[in-house]
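Given next are the chains, with one letter for each unit.
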Amino acid sequence: MKTRIQKVSMQKTLLPTSTAGSLPKPSWLAQPEALWSPWKLQGEELIDGKHDALRVSLQEQQQAGIDIVSDGEQTRQHFVTTFIEHLTGVDFENRKTVKIRDRYDASVPTVVGAVSRPKSVFVDDAKLLRQQTNKPIKWALPGPMTMIDTLYDAHYQSREQLAWEFAKILNQEAKELEAAGVDIIQFDEPAFNVFFDEVNEWGIACLERAIEGLNCETAVHICYGYGIKANTDWKKTLGSEWRQYEEAFPKLQQSTIDIISLECHNSHVPMELLELIRGKKVMVGAIDVATDTIETPEEVANTLREALKYVDADKLYPCTNCGMAPLSREVARGKLNALSAGAAIIRRELSVGN
Ligand SMILES: [Zn+2]
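Quick caveat: nothing in here was measured; it's all calculated off a predicted structure.

## Section: the sheet that holds strand E3 (residues 138–142)
Sheet architecture is open: six strands sit in the order E3-E5-E6-E7-E8-E9, paired in parallel fashion. Of all strands in the sheet, those with a lone pairing partner are E3 and strand E9 (316–319), marking the two edges. Strand-to-strand twist of the sheet, defined as the mean angle between neighbouring strand axes without regard to direction, takes the value 25°. Inspection of the sheet shows E3 paired to strand E5 (residues 184–188) by five bridges, in the parallel sense. Residue pairing for E5: Pro142 is matched across the bridge by Asp188.

## Regarding the coordination of the zinc ion
Within the protein, His221 (NE2), Cys223 (SG) and Cys322 (SG) serve as the donor atoms for the zinc ion, at 2.1 to 2.3 Å. Counting residues between consecutive donors of the zinc ion along the chain gives the motif H-x1-C-x98-C. On the criterion of sequence distance, the pair formed by Cys223 in the loop between strand E6 (217–222) and helix H8 (229–236) and Cys322 in the loop between E9 and helix H11 (329–353) is long-range, its members being 99 residues apart.

## Looking at the layout of surface pockets
Counted as a void, the largest pocket has a volume near 480 Å³. Among the secondary structure elements, those contributing two or more residues to the lining of the largest pocket are helix H3 (81–85), strand E1 (88–100), strand E2 (104–116) and H8. Sorting elements by how many residues they give to the lining of the largest pocket places E2 first, with five residues. Here the residues of the lining of the largest pocket are counted per class, giving 19 nonpolar, eleven polar and five charged. Taken as a whole, the second largest pocket encloses approximately 250 Å³ of empty space. Every residue lining the second largest pocket is counted, 13 residues in all, and those nearest its centre are Lys50, Thr75, His86, Val121 and Asp125. Breaking the lining of the second largest pocket down by element, the ones donating at least two residues are helix H2 (43–63), H3 and helix H4 (123–132). It is H2 that contributes the most residues to the lining of the second largest pocket, three residues altogether. Residue composition of the lining of the second largest pocket, by class: four nonpolar, five polar and four charged.

## Here's the deal with the confidence of the model for the chain
Per-residue pLDDT for the chain has a mean of 93; in total, 96% of the residues score no lower than 70. Below a pLDDT of 50 lies the segment residues 1–9, which in the model reaches eight contacts outside its immediate sequence neighbourhood of four places, other chains included.

## Some points on the nonpolar core
Note that soluble globular proteins tend to have their nonpolar side chains buried in a common cluster. Of all hydrophobic cores here, the largest spans 99 residues; its most connected members are Leu141, Leu252 and Leu274. Apart from the residues within four sequence positions on either side, Leu252 is in contact with Phe192, Ile204, Leu207, Val220, Ile222, Ile257, Ile260 and Lys280. Core analysis: the second largest hydrophobic core is formed by eight residues, Ala219, Ile259, Met283 and Tyr317 among them.

Criteria and cut-off values
Residues numbered from 1 in each chain as written. Predicted model: local features only at pLDDT ≥ 70, side-chain atom pairs only at ≥ 80, totals over all residues. Heavy atoms only, no water. Pairing = 2+ DSSP bridges. Helix = DSSP H or I, 4+ residues; strand = E, 2+ residues; numbered from the N terminus. Axes fitted to C-alpha atoms, helices over the stretch in contact; angles between N-to-C directions. Donors = N, O, S within 2.8 Å, 3.2 Å for Na, K, Ca; no water. 1 Å grid on protein atoms, 1.4 Å probe; cavity = no way out; pocket = protein on both sides within 12 Å on 5 of 7 lines; lining within 4 Å. Points joined across faces, edges and corners; volume = space filled by probe spheres on them. Nonpolar A, V, L, I, M, F, W, Y, C, P; charged D, E, K, R; others polar. pLDDT = per-residue confidence, 0-100. Contact = heavy atoms within 4.5 Å. Core = buried A, V, L, I, M, F, W, Y, C linked by side-chain atoms within 4.5 Å. Buried < 20%, exposed > 50% of the residue type's maximum accessible area, 1.4 Å probe, protein only.

Structure (structure tokens):
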């Protein structure tokens, strides 16, 4: 019953705002403005600290007027690795250097046996978030293809098979998150912007396996990555028009996923590519996470106005391009406020237009 009420309230808000995922952590929990930042606390203090940070992050989103809130990924060090750390079959001591996203070398753990999830990973954190707010909540999980791209596989020796095993594990976690009251479960698949053949051959099928049997809404987040150097260097090689989305969109449009979360603001993605996913709900990235410059509300509104040419108003969810973990808290707060203010401009325009 509770879930039904929340779903109704979500539909009432036109252009509900949200973030793609991570938000900066407080400096007492982890070193700010860094990815993979080590925790500053230990044991019980760390658990308490993560939960307090979750509460703070929620409050900052609510104060900024964000409509669909999240945990800001305060309890995880990294959006992929933290999930994998809770699984069996992966040896974190036994590391190999591999090329991630076909882009940069990284030292990664090794899959040494059958992978499984002995117990839930984020469900207690999701329950805590659910207790703190009546707003719709979104929870992010790594997508199967992005997970395998962050590992060396010495066991299955098949990217497709390992992704399928992860999809089954993600589905278990997602079902428990749904039962904990999560309204939208999002899978982060930046790898969908790189491995186009695999996306179409089995990537989207694995994503559909991960959401099988869920009644809550589901989303896939496909971006050009955090504003780190390896990604900004890569973007410079992509030319003046980024058409990567064109490869996965036709099949995603046909898929069972409800929402597609995309990078749009300040990117070279031609907005007309959104026509390829007409009918889906779209989380339109209207905040650039690769710069400290805070968007003006009018800049946000411009991006949303452009997106409205290809996305029906009742299906447009203003969002950030990607996570904001590497930004300062001040900048992130400014960007959240800009997102809300920009969405408000378009809501007013739409209500006048009616
Ligand atoms: Zn992203």
